[in-house]
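Remarks on the overall topology
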Amino acid sequence: MNALTLLKQDHGNVEALFKRYEATGPDDADEKRRIVDLIIEQLSVHAAIEEQLFYPAIRESGREDAAKLTLEGLEEHHVAKATLAELEKLAPAHERFDAKVTVLIESVRHHVEEEERDLFPLVREAMSGKDLDELGETMEKAKATAPTRPHPMMPDTPPWNLIVGAPAAMVDRVITTARDVVGKALNRT
Ligand SMILES: [Fe+2]
Ligand SMILES: [Fe+2]
């Protein structure tokens, strides 16, 4: 699949989760927890494949204007991951929970809009359809081994994000599988 199509699909899936969250009532703590855990997982994987493959490919292409946008993208990812890491540990009934999710949604929507409106057209000019297809296939495969939890303090550029990303992703999967137990340990419910 074309890399841009794949990323747009991810953006659409996350937007659907945002809408689901916005439709919850004030007392739907369980549903909020479920949705936010899915947002954490999907955004962590999405940010990882952009940072491991998409942004580096753009820098390789030599388009300076596009490369500059990826630097802003990395900073926006960093801020989003910090919020996701807090939400992972916070109980939905906490007075800060809704506010954190609302601000996260606003900033991710802004980031997605900038990627699709400003960055993607430059990428279409800089890379061939064949290159974008190959990149999309590689990103699709990378999803299977990408971190599923946010790591705001981990490196976000190659080679270190690739080196530390693999073992982190394995640990993430164990934690995600044991989420109920971890949730109790974190006292977040
Ligand atoms: Fe992004
Ligand atoms: Fe994105």
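Residues numbered from 1 in each chain as written. Chains lettered and ligands numbered in written order. Predicted model: local features only at pLDDT ≥ 70, side-chain atom pairs only at ≥ 80, totals over all residues. Heavy atoms only, no water.

**Some remarks on the coordination of the iron ion (ligand 2)**
The coordination sphere of the iron ion (ligand 2) contains the protein donors H11 (NE2), H46 (NE2), E50 (OE) and E115 (OE), at a distance range of 2.1 to 2.2 Å. Taken together, the 4 donor atoms coordinating the iron ion (ligand 2) span angles of 81 to 173° at the metal, a pattern that classifies the geometry as irregular. Mapped onto the polypeptide sequence, the residues donating to the iron ion (ligand 2) form the spacing pattern H-x34-H-x3-E-x64-E. Distance-wise, the iron ion (ligand 1) is placed 3.2 Å from the iron ion (ligand 2), both being coordinated by E50. Taken as a pair, H46 in helix 2 (residues 29-61) and E115 in helix 4 (residues 97-126) lie far apart in primary sequence, 69 residues in all. For the pair formed by H46 and E115, the shared burial category is buried. (Donors = N, O, S within 2.8 Å, 3.2 Å for Na, K, Ca; no water. Tetrahedral: all angles 85-135°; square planar, octahedral: opposite > 155°, others 65-115°. Helix = DSSP H or I, 4+ residues; strand = E, 2+ residues; numbered from the N terminus. Buried < 20%, exposed > 50% of the residue type's maximum accessible area, 1.4 Å probe, protein only.)

**A few points about empty space enclosed by the protein**
For the structure shown, the criterion picks out 3 cavities of 30 Å³ or more. The volume enclosed by the largest cavity comes to roughly 140 Å³. Lining the largest cavity are 15 residues, with A48, E51, K81, P147 and M154 sitting closest to its centre. Counting only elements with at least two residues in the lining of the largest cavity, the list comes to helix 2 and helix 6 (160-177). Here the element with the most residues in the lining of the largest cavity is helix 2; it accounts for 5 residues. (1 Å grid on protein atoms, 1.4 Å probe; cavity = no way out; pocket = protein on both sides within 12 Å on 5 of 7 lines; lining within 4 Å. Points joined across faces, edges and corners; volume = space filled by probe spheres on them.)

**A short note on the packing of helix 1 (residues 3-22) against helix 4**
Relative orientation of the contacting elements helix 1 and helix 4 amounts to 160°, with a least axis distance of 11 Å. It follows from the interaxial angle that helix 1 and helix 4 lie roughly antiparallel. Crossing handedness for the pair helix 1 and helix 4: left-handed. Between helix 1, through L4, L7, K8, H11, E15, F18, K19, Y21 and E22, and helix 4, the contact on the second element is made entirely by F97, D98, V101, I105, V108, R109, V112, E115, E116, F120, V123 and R124. Residue composition of the contact of helix 1 with helix 4, by class: 11 nonpolar, 1 polar and 9 charged. (Axes fitted to C-alpha atoms, helices over the stretch in contact; angles between N-to-C directions. Parallel < 35°, antiparallel > 145°, perpendicular 65-115°, else oblique. Left-handed = near helix turned anticlockwise from the far one by under 90°. Contact = heavy atoms within 4.5 Å. Nonpolar A, V, L, I, M, F, W, Y, C, P; charged D, E, K, R; others polar.)

**Quick look at the coordination of the iron ion (ligand 1)**
Coordination of the iron ion (ligand 1) by the protein is provided by E50 (OE), H77 (NE2), H111 (NE2) and E115 (OE), with metal-donor distances spanning 2.0 to 2.2 Å. Coordination at the iron ion (ligand 1) is irregular, judged from the 4 donor atoms that bind it and the angles of 87 to 170° they form at the metal. In terms of primary sequence, the donors binding the iron ion (ligand 1) are separated according to E-x26-H-x33-H-x3-E.

**Let's talk about helix 6**
With 18 residues, helix 6 ought to run about 26 Å at 1.5 Å a step, and its terminal C-alpha atoms sit 26 Å apart, in line with that. A166 marks where helix 6 bends most, by close to 30°; the proline P167 follows one to four residues later. Among the residues making up helix 6, those that are buried are N161, G165, A168, A169, D172 and T176. (Expected span 1.5 Å × (residues − 1). Bend = angle between axes of the 7 residues up to and from the residue.)

**What about the pattern of salt bridges?**
On inspection of all chains with the given rule, the structure shows 17 salt bridges. One salt bridge connects D10 with K143, and the closest N-O pair in it is separated by 2.6 Å. With D10 in helix 1 and K143 in the loop between helix 5 (129-142) and helix 6, this pair connects stretches of sequence that are 133 residues apart. For K143, a relative accessible area of 22% puts it in the partly exposed group. Between E113 and R117 there is a salt bridge, with the nearest N and O atoms lying 2.8 Å from each other. Linking E113 with R117, this pair stays in helix 4, spanning 4 residues, or about one helical turn. Note on E113: relative accessible area 44%, which makes it partly exposed. Connected through salt bridges with shared partners, the residues E15, K19, E22 and R109 form a single ionic network. (Salt bridge = Lys/Arg side-chain N within 4 Å of Asp/Glu carboxyl O.)

**Comments concerning the packing of aromatic side chains**
Aromatic rings considered in pairs are described by the distance between their centres and by the relative angle of their planes. Summed over the entire model, instances satisfying the criterion amount to 2 aromatic pairs. Seen from their ring centres, F54 and Y55 are 6.1 Å apart, and the 40° between their planes marks the pair as tilted. Using a relative accessible area of 0% as the deciding quantity, one classes F54 as buried. Judged by relative accessible area, which is 4%, Y55 ranks as buried. Residues F54 and F120 carry aromatic rings whose centres are separated by 5.8 Å and whose planes lie at 85° to one another, so their mutual orientation is edge-to-face. A residue pair is termed long-range when its members are at least 10 positions apart, and F54 in helix 2 and F120 in helix 4 qualify at 66 residues. (Phe/Tyr/Trp six-rings, centres within 6.5 Å; stacked < 30°, edge-to-face > 60°.)

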